[in-house]
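# Fold and contact review
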Amino acid sequence: AENNRIAVVPIVPNRGLILDRNGVVLANNYSAYTLEITPSKVADLEATITELAQVIDVQPRDRKRFKRLLEEGKSFESLPIRTKLSDEEVARFMAQRFRYPGADVKARLFRNYPLGETGSHLLGYIGRINQAEKKLMEDWPDEQLANYKGTEYIGKLGIEQSYEAELHGQTGFERVETSA
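Conventions we followed
Residues numbered from 1 in each chain as written. Predicted model: local features only at pLDDT ≥ 70, side-chain atom pairs only at ≥ 80, totals over all residues. Heavy atoms only, no water. Helix = DSSP H or I, 4+ residues; strand = E, 2+ residues; numbered from the N terminus. Buried < 20%, exposed > 50% of the residue type's maximum accessible area, 1.4 Å probe, protein only. 1 Å grid on protein atoms, 1.4 Å probe; cavity = no way out; pocket = protein on both sides within 12 Å on 5 of 7 lines; lining within 4 Å. Points joined across faces, edges and corners; volume = space filled by probe spheres on them. Nonpolar A, V, L, I, M, F, W, Y, C, P; charged D, E, K, R; others polar. Contact = heavy atoms within 4.5 Å. Axes fitted to C-alpha atoms, helices over the stretch in contact; angles between N-to-C directions. Left-handed = near helix turned anticlockwise from the far one by under 90°. pLDDT = per-residue confidence, 0-100. Salt bridge = Lys/Arg side-chain N within 4 Å of Asp/Glu carboxyl O. Polar contact = N/O pair within 3.5 Å; in protein donor to acceptor, adjacent residues only side chain to side chain.

### Some thoughts on the environment of His-121
With respect to the helices and strands, His-121 occurs in helix H5 (residues 120-123). Taking the relative accessible area as the measure of exposure, His-121 reaches 65% and is therefore exposed.

### Points about the layout of surface pockets
When its volume is computed, the second largest pocket comes out at roughly 190 Å³. Taken together, Glu-133, Leu-136, Met-137, Trp-140, Gln-144, Tyr-148, Ile-154, Gly-155, Gln-161, Glu-164 and Ala-165 make up the lining of the second largest pocket. Of all the secondary-structure elements, those providing two or more residues to the lining of the second largest pocket are helix H6 (131-137), strand S7 (153-155) and helix H9 (164-168). Element by element, the count of residues in the lining of the second largest pocket is highest for H6, at 3 residues. Among the residues making up the lining of the second largest pocket, the classes are represented as 6 nonpolar, 3 polar and 2 charged.

### A look at the environment of Leu-115
Within the secondary structure, Leu-115 sits in the loop between strand S5 (103-112) and H5. In this structure Leu-115 comes out as partly exposed when scored by relative accessible area, which is 40%. With 90 residues separating them along the chain, Leu-115 and Val-25 place their C-alpha atoms 8.4 Å apart. Once you skip the residues sitting within four places of it in the chain, Leu-115 turns out to touch Val-25 and Leu-26.

### So, the packing of helix H2 (residues 45-55) against helix H3 (residues 60-72)
Running from amino to carboxyl end, H2 crosses H3 at an angle of 150°, the nearest separation of the two axes being 12 Å. The interaxial crossing formed by H2 with H3 has right-handed handedness. Contact residues: Leu-45, Glu-46, Ile-49, Thr-50 and Ala-53 in H2; Arg-63, Phe-66, Lys-67 and Leu-70 in H3. Per-class residue counts for the contact of H2 with H3 are 5 nonpolar, 1 polar and 3 charged.

### Points about the confidence of the model for the chain
Overall, the prediction assigns the chain a mean pLDDT of 87, with 95% of residues at 70 or greater. Per-element averaging of pLDDT across the chain places helix H1 (residues 2-5) at the bottom with 67 and strand S2 (residues 18-19) at the top with 95.

### A few points about the pattern of salt bridges
Per the counting criterion, the structure on display carries 14 salt bridges. Residues Glu-152 and Arg-108 are paired through a salt bridge, measuring 3.8 Å at the closest nitrogen-oxygen approach. Taken together, the positions of Glu-152 in the loop between helix H7 (142-146) and S7 and Arg-108 in strand S5 put the pair 44 residues apart, joining distant regions of the chain. What you see here is one network of salt bridges that share partners, running through Glu-36, Lys-106, Arg-108, Arg-128 and Glu-152.

### Regarding the side chain of Glu-89
Structurally, the position occupied by Glu-89 is in helix H4 (residues 87-95). Judged by its relative accessible area of 10%, Glu-89 is buried. There is a polar contact of 3.1 Å between the side chain of Glu-89 and the side chain of Arg-82. Not counting chain neighbours up to four residues away, the residues in contact with Glu-89 comprise Ile-56, Asp-57 and Arg-82.

Following this line, the structure appears as structure tokens:
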């Protein structure tokens, strides 16, 4: 019973900064709010999304992306339906949060490239871990694989990919008490 009461949850590290030799920031992170749904906690997914669309603007492309993520992922993971919410949208949702079990607003880190397209061919970019990358990760040593628990994004090209191990950082863990 004691083991069921305490859950170990991964804490995803902040992705490292990329600086040039003069200390100019080429890639950094910023925090923004994301509306996420945990499909396993929602009885009728379509109805919930339709109701949420009355509170927060949900575009057809948001629904499409959510369905794609749902097909790729697991139903117990929370999946983003809308990213980069404004403070007003967060406030509107939080006032009615009790109506939407399984939906929540979370603060997430997003990658920012202050110089825009300058050096983009060298810097590369980050993106969601896809099925092909998940297959490759299965061959990694256990300690390296454990470091990616809870991680959703990985370097895709350039420096972001080449220095993935250094930029990703070390995943932490926290013990959370759960109750019925």
